[in-house]
Amino acid sequence: MELRINQKTYQVDADADTPLLWVIRDDLGLTGTKYGCGLAQCGACSVLVDGNVVRSCVTPVAGVVGREVTTIEAIEADEIGKRVVSAWVEHQVAQCGYCQSGQVMAATALLKHTPAPTVEQIDAAMVNLCRCGTYNAIHAAVQDLATGKEHA
């Protein structure tokens with residue numbers, strides 16, 4: 001089947017119900033998207049599909065045929081994604097970093113759909129798990145972006 005990932009077209013030979021995560025990681029070698037729980041609970045596997053955050057561990061690969069998938073490897077090609085990454089660096093969000101690709105994808109999707117989210121909207125959108133507990137730094141970075149503070 002033909003997939004469009006990070007603005008490139010790939011031909012993949014996978015069963016239709018194979019989780020997108022495994023195609024991204026194992027077939028295409030894009031390992032920035034992480035496996036966390038396999039149950040769509042933690043968010044480490046988050047990618048964007050047509051600009052919406054999706055948990056790739058439970059998304060059948062057939063469900064993204066004809067759609068645009070963006071992984072963390074290409075997030076800085078997106079102007080909002082680039083701003084999110086800059087805010088993450090400025091706020092020193094990452095500790096171990098394992099969940100951060102999913103966190104960045106969730107923040108990017110939020111800001112694409114709601115450029116100036118309220119605190120409540122940020123709280124509702126930023127639900128990925130972080131075992132290091134970087135929630136305060138994540139919230140501060142997204143809040144800065146929501147209020148228009150620019151990051152170098």
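Look above for the structure.
Residues numbered from 1 in each chain as written. Predicted model: local features only at pLDDT ≥ 70, side-chain atom pairs only at ≥ 80, totals over all residues. Heavy atoms only, no water.

Here we take up the overall build of the protein. A tally of regular secondary structure across the protein gives 5 helices and 5 strands. Over its C-alpha trace the protein gives a radius of gyration of 15 Å, about what one expects of a compact globule, namely 15 Å for 152 residues. C-alpha atoms of the protein, sized along the principal axes, occupy 45 × 30 × 25 Å. The burial tally for the protein puts 43% of its 152 residues in the buried class. A separation threshold of at least 6 residues defines the contact pool for the protein, and within that pool the share at least 24 residues apart is 59%. A total of about 7,500 Å² of accessible surface is found on the protein, and carbon and sulfur atoms cover 50% of it. Looking at the protein, you have 11 positive and 17 negative side-chain charges, and the mean spots of the two groups are 4 Å apart. (Helix = DSSP H or I, 4+ residues; strand = E, 2+ residues; numbered from the N terminus. Rg over C-alpha atoms; globule rule 2.2 N^0.38 Å. Buried < 20%, exposed > 50% of the residue type's maximum accessible area, 1.4 Å probe, protein only. Contact = heavy atoms within 4.5 Å. Areas by Shrake-Rupley, 256 points an atom, 1.4 Å probe, with all protein chains shown as cover. Lys, Arg positive; Asp, Glu negative; His and termini not counted. Charge placed at Lys NZ, Arg CZ, Asp CG, Glu CD.)

So, about the nonpolar core. Ranked by size, the top nonpolar core spans 21 residues in total, and within it Val84, Trp88, Met126 and Val142 carry the most contacts. Among the elements of the structure, α2 (79–90), α3 (100–113) and α5 (135–146) are those that each provide at least two residues to this core. Per-element accounting of this core gives the leading share, 7 residues, to α3. Core analysis: the next-biggest nonpolar cluster, separate from the first, contains 14 residues, Val12, Ile24, Val54 and Val61 among them. (Core = buried A, V, L, I, M, F, W, Y, C linked by side-chain atoms within 4.5 Å.)

Here Asp78 is to be found in the loop between β5 (68–70) and α2. The contact partners of Asp78, leaving out residues within four places of it in the chain, are Thr108 and Lys112. Separated by 2.6 Å, the side chains of Asp78 and Lys112 make a polar contact. (Polar contact = N/O pair within 3.5 Å; in protein donor to acceptor, adjacent residues only side chain to side chain.)

Moving on: helix α1 (residues 20–27). When α1 is considered as a whole, its buried residues turn out to be Leu20, Leu21, Val23 and Ile24. In this structure, the buried residues of α1 make contact with β1 (2–5), β3 (46–49) and β5.

Applying the stated criterion across every chain yields a total of 1 aromatic pair. The interplanar angle of 35° and the centroid separation of 5.3 Å between the aromatic rings of Trp22 and Tyr35 together place this pair among those described as tilted. Taken together, the positions of Trp22 in helix α1 and Tyr35 in the loop between α1 and β3 put the pair 13 residues apart, joining distant regions of the chain. Given the relative accessible area of 35%, Tyr35 is considered partly exposed. (Phe/Tyr/Trp six-rings, centres within 6.5 Å; stacked < 30°, edge-to-face > 60°.)

Further remarks concern the packing of α3 against α5. Closest axis-to-axis distance for the α3/α5 pair is 11 Å, and the angle between their directions is 25°. Looking at the two axes, α3 sits roughly parallel to α5. Crossing of α3 over α5 shows right-handed handedness. Of the residues in α5, those touching α3 at Gln100, Gln103, Ala107, Leu110 and Leu111 are Ile138, Val142, Leu145 and Ala146. (Axes fitted to C-alpha atoms, helices over the stretch in contact; angles between N-to-C directions. Parallel < 35°, antiparallel > 145°, perpendicular 65-115°, else oblique. Left-handed = near helix turned anticlockwise from the far one by under 90°.)

It is worth spelling out the sheet that holds strand β2 (residues 8–11) at this point. Overall, mixed pairing links the 5 strands, which are arranged β2-β1-β5-β3-β4 in an open sheet. For this open sheet the edge positions go to β2 and β4 (52–55), each flanked by a neighbour on one side alone. Along the sheet, successive strands turn relative to each other by an average axial angle of 40°, direction set aside. Judged from the 4 bridges that link them, β3 and β4 form a sheet pairing that is antiparallel. Pairing of Val49 across the sheet is with Asn52, part of β4. The sheet contacts of α3 involve β3, β4 and β5, and relative to β3 the element is tilted by about 35°. (Pairing = 2+ DSSP bridges.)

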